[in-house]
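Chain residues, written in single-letter form:
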Amino acid sequence: MSYLWFKVFHIVFMVSWMAGLFYLPRLFVYHAESLAADEPKRSILGAQFTHMERRLFSIIMQPAMLLTWATGATMVALSPAFLSQSWLWLKLFLIALLTAYHFVCRQTIARFEAGTVTRSGEWYRVFNEAPTVVLVLAAALVLFKGVIRISALAALLICTILVIVVGFRAYAAFRRRRGEMVEPARTAQ
């Protein structure tokens with residue numbers, strides 16, 4: 001019974017962490033696009049985005065990540081038989097990728113604060129999709145456990161990436177038609 005309670009909290013913390021991993025790069029998109037604005041708008045928006053990014057990371061994302069890992073580790077400790085199953089090791093690999101992405105986001109916040117970001121809003125739109133790919137694969141691993149084949153995971157990965165690429169290109173074309181595309185901003189390093 002305690003395993004199920006840890007699973008409930010694991011899911012809640014994971015959802016909170018994923019929400020941050022989806023939203024923070026979206027803030028990077030807007031922050032990068034704001035670099036093309038004239039002063040004082042650029043400074044005002046930059047300060048606001050930096051404040052929002054820092055708070056989101058430190059108040060929501062960091063605790064949620066730590067609690068996701070802690071509840072997941074507790075679930076494995078309560079059911080050590082999972083350690084012999086390959087799906088768990090693949091899931092742990094994907095979670096390690098998300099954790100690395102999490103810390104890349106922290107470094108990106110620092111780069112925005114230091115004024116050394118040279119990436120465009122379009123680049124951050126693509127960057128924003130990485131957690132989606134990992135989430136789809138991790139969800140399939142957990143739901144199908146040992147039943148799903150690597151070939152099915154590979155097909156799922158390819159389909160997910162194709163949907164993202166097609167959606168991204170369609171949205172970019174839509175923005176160009178509406179005149180909303182912003183030229184990539186470049187700042188001195």
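Residues numbered from 1 in each chain as written. Predicted model: local features only at pLDDT ≥ 70, side-chain atom pairs only at ≥ 80, totals over all residues. Heavy atoms only, no water.

(A) Here's a closer look at the pattern of salt bridges. For the coordinates displayed, the defined rule picks out three salt bridges. Here arginine 125 and glutamate 33 are joined by a salt bridge, their closest N and O atoms 2.7 Å apart. With arginine 125 in helix α4 (residues 121–127) and glutamate 33 in helix α1 (residues 2–34), this pair connects stretches of sequence that are 92 residues apart. For the pair shown, arginine 125 and glutamate 33 are each scored as buried. For the salt bridge of arginine 125 with glutamate 122, the shortest nitrogen-to-oxygen distance reads 3.3 Å. Pair noted here: arginine 125 and glutamate 122 are both in helix α4, with a separation of three residues, about one helical turn. (Salt bridge = Lys/Arg side-chain N within 4 Å of Asp/Glu carboxyl O. Helix = DSSP H or I, 4+ residues; strand = E, 2+ residues; numbered from the N terminus. Buried < 20%, exposed > 50% of the residue type's maximum accessible area, 1.4 Å probe, protein only.)

(B) Molecular detail of the layout of surface pockets. Its volume calculated, the largest pocket comes out at about 620 Å³. Around the largest pocket, the lining comprises 28 residues; the ones closest to its centre are His10, Met14, Met75, Lys91 and Val142. When residues in the lining of the largest pocket are grouped by element, the largest group, seven residues, is from α1. For the lining of the largest pocket, the per-class residue count stands at 22 nonpolar, three polar and three charged. One number sums up the size of the second largest pocket: a volume of about 160 Å³. Along its surface, the second largest pocket is lined by Leu90, Phe93, Leu94, Leu97, Val133, Val134, Leu137, Ile150, Leu153, Ala154 and Leu157. Counting residues per element, the ones that place at least two in the lining of the second largest pocket are α3 (86–114), α5 (130–144) and α6 (150–178). Its residues assigned to classes, the lining of the second largest pocket shows 11 nonpolar, no polar and no charged. (1 Å grid on protein atoms, 1.4 Å probe; cavity = no way out; pocket = protein on both sides within 12 Å on 5 of 7 lines; lining within 4 Å. Points joined across faces, edges and corners; volume = space filled by probe spheres on them. Nonpolar A, V, L, I, M, F, W, Y, C, P; charged D, E, K, R; others polar.)

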